[in-house]
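Chain by chain, the residues:
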Amino acid sequence: MSLKEQINLSRLPQHVAIIMDGNGRWAQRQGEQRIFGHQHGVRAVRDTTEAAAELGIKFLTLYAFSTENWNRPKAEVDALMELLIQTILAETATLNKNNIRLLAIGDLESLPGNCHQQLREAMAATASNTRMSLVLALSYSAKWELLDAVQRISQDVKKGTLDASAINEEVFSNYLTTVGIPDPELLIRTSGEHRISNFLLWQIAYSELYFTDKLWPEFTKEDFYTALIDYQQRERRFGLVSEQLK
Ligand code: FPP
């Protein structure tokens, strides 16, 4: 039986989030510049998106650029922004053909104007697609997101449009950049690093974590299926005991 056939389609996560890591190391191993790794990472983005949509996963979130990534050498940041623009431009038609909606989370205002513009256009062009949402985390960090939420909540309390005693998990979630997106049941990180790196800290409170040594440019559909099979073998207890789940 193929890996794909081993996946139980009735127990799929509705949201998978991925920390795509290892592009730089992959490039350096080939004796190439880091951007070569990012360019090859686009192949893995395309294949993983296709695999997720084919299976029927509803949300796929990819950590494409963190708040901290702004501190990389300017040449790498500029090349990554250009790659993003070119990839979004090149893939919008394919997203539409496959009924996939493009969303973005993060401090989008901080992106270069042309990148933000390209992103807005692609999101508008795919807004009515319903098969799957592909969520790009861009200029994103969980601490930025949490502080931004607290600031906006404080402003609303001060204005009198929000009662401080009414702030619960649901109200708080509505102030996050992920508003309307269910929490991921599964978080995958490539490249052998076992860290969360400031990604979706609120939303992954109960996510299953899956780590693989594969570097992102090497990540294939088969690797994605392997992560899903591993996820499906786990028991998600949410603080309960096994017997309560039966
Ligand atoms: C992490 O590898 C990867 C990134 C910071 C960028 C990911 C971007 C892409 C795959 C290209 C475009 C993506 C989309 C969604 C269009 P790293 O550079 O941190 O690798 P290292 O840990 O080996 O240095």
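A. Here's a closer look at the layout of surface pockets. Taken as a whole, the largest pocket spans an internal volume of roughly 990 Å³. As for the largest pocket, its lining consists of 45 residues, of which Met 20, Val 45, Tyr 63, Ala 64 and Trp 216 are closest to the centre. Taken together, the elements giving at least two residues each to the lining of the largest pocket come down to helix H1 (23-29), helix H2 (34-55), strand S2 (59-66), helix H3 (74-97), strand S3 (100-105) and strand S4 (132-140). Among the elements that take part in the lining of the largest pocket, H2 stands out by supplying 10 residues, more than any other. Looking at the lining of the largest pocket, its residues break down into 19 nonpolar, 13 polar and 13 charged.

B. Local environment of the site of the ligand. Taken together, 19 residues lie around the ligand, and Asp 21, Gly 24, Arg 25, Arg 34 and Arg 72 are the ones closest in. Here an oxygen atom of the ligand and a backbone polar atom of Gly 22 are 3.3 Å apart. Here an oxygen atom of the ligand sits 2.8 Å away from a polar atom, N or O, in the side chain of Arg 34. Its free accessible area being 630 Å², the ligand has 92% of it covered by the protein chains. In this structure, the ligand is accommodated by the largest pocket. Looking at the shell around the ligand residue by residue, the class counts come to eight nonpolar, seven polar and four charged.

Cut-offs and rules
Residues numbered from 1 in each chain as written. Predicted model: local features only at pLDDT ≥ 70, side-chain atom pairs only at ≥ 80, totals over all residues. Heavy atoms only, no water. 1 Å grid on protein atoms, 1.4 Å probe; cavity = no way out; pocket = protein on both sides within 12 Å on 5 of 7 lines; lining within 4 Å. Points joined across faces, edges and corners; volume = space filled by probe spheres on them. Helix = DSSP H or I, 4+ residues; strand = E, 2+ residues; numbered from the N terminus. Nonpolar A, V, L, I, M, F, W, Y, C, P; charged D, E, K, R; others polar. Near = heavy atom within 4 Å. Polar contact = N/O pair within 3.5 Å; in protein donor to acceptor, adjacent residues only side chain to side chain. Areas by Shrake-Rupley, 256 points an atom, 1.4 Å probe, with all protein chains shown as cover. Sits in = over half its atoms within 2 Å of the grid points.

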